[in-house]
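An overview of the molecular structure
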Amino acid sequence: GNSVTQMEGPVTLSEEAFLTINCTYTATGYPSLFWYVQYPGEGLQLLLKATKADDKGSNKGFEATYRKETTSFHLEKGSVQVSDSAVYFCALKDNNDMRFGAGTRLTVKP
Amino acid sequence: DSGVTQTPKHLITATGQRVTLRCSPRSGDLSVYWYQQSLDQGLQFLIQYYNGEERAKGNILERFSAQQFPDLHSELNLSSLELGDSALYFCASRGTGRSGYTFGSGTRLTVV
């Protein structure tokens, strides 16, 4: 079945550091891929998405490229801020089924 | 405000009790999904409804049930509560096509 595996956390970075959170997937068919972010005390919010191979999703300085050849959708940001501290979830949707990764907690220190 | 409304925000109840969590989806969204988020289990899919009908079931216990009403709001009923049921319960709704889910802010359930 479909599944998502993402980098285990927690991840702790200093402000302005480069961020990568790895995400790989297993799916039949051609899923859409998503990154969601959960800030403390809140629900999940859609951060970015890509619906087909080689698409790049981007939002708020975050980027992820849908790589079919490596079945990956790694999240990157060039310079993180303290306000980016949150839990990040990679997810895939194929037909009716949305699968989430376990989440990666990011803490950014000043 | 995501457009998905969950009530109550917090709930504290005793073991053995029954509670009902409510979710109003974003306007126009026919699909409603329920998830449980606990510290050690991550985000677990419970159940999905589409326009009033159950569409998919995940790791939902027999003590739990849900329904979606004609006005599309949904309720998740948790009965014979145990300490281990303490968690955040999220509702999400989805529109058509390849859109993602829109999540509510969750109900934090504490069973004491």
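Whatever comes next refers back to the structure up there.
Residues numbered from 1 in each chain as written. Chains lettered and ligands numbered in written order. Predicted model: local features only at pLDDT ≥ 70, side-chain atom pairs only at ≥ 80, totals over all residues. Heavy atoms only, no water.

As a further point, take unusual backbone geometry. Note the cis peptide between glycine 9 of chain A and proline 10 of chain A, where omega equals -5°. With respect to the helices and strands, the residue proline 10 of chain A is situated in the loop between β1 (3-6) and β2 (11-14). A cis amide bond links threonine 7 of chain B to the next residue, proline 8 of chain B, at an omega of -10°. With respect to the element layout, proline 8 of chain B can be found in the loop between β1 (5-7) and β2 (10-13). Positive phi, normally seen in glycine, also occurs at aspartate 54 of chain A, with a value near 75°. Examined against the element boundaries, aspartate 54 of chain A turns out to sit in the loop between β6 (44-50) and β7 (56-59). With relative accessibility at 55%, the residue aspartate 54 of chain A sits in the exposed group. A positive phi is found at lysine 60 of chain A, a non-glycine position, where the angle reads about 55°. With respect to the element layout, lysine 60 of chain A can be found in the loop between β7 and β8 (62-65). (Helix = DSSP H or I, 4+ residues; strand = E, 2+ residues; numbered from the N terminus. Buried < 20%, exposed > 50% of the residue type's maximum accessible area, 1.4 Å probe, protein only.)

Spatial relationships are all this shows, so hold off on functional conclusions.
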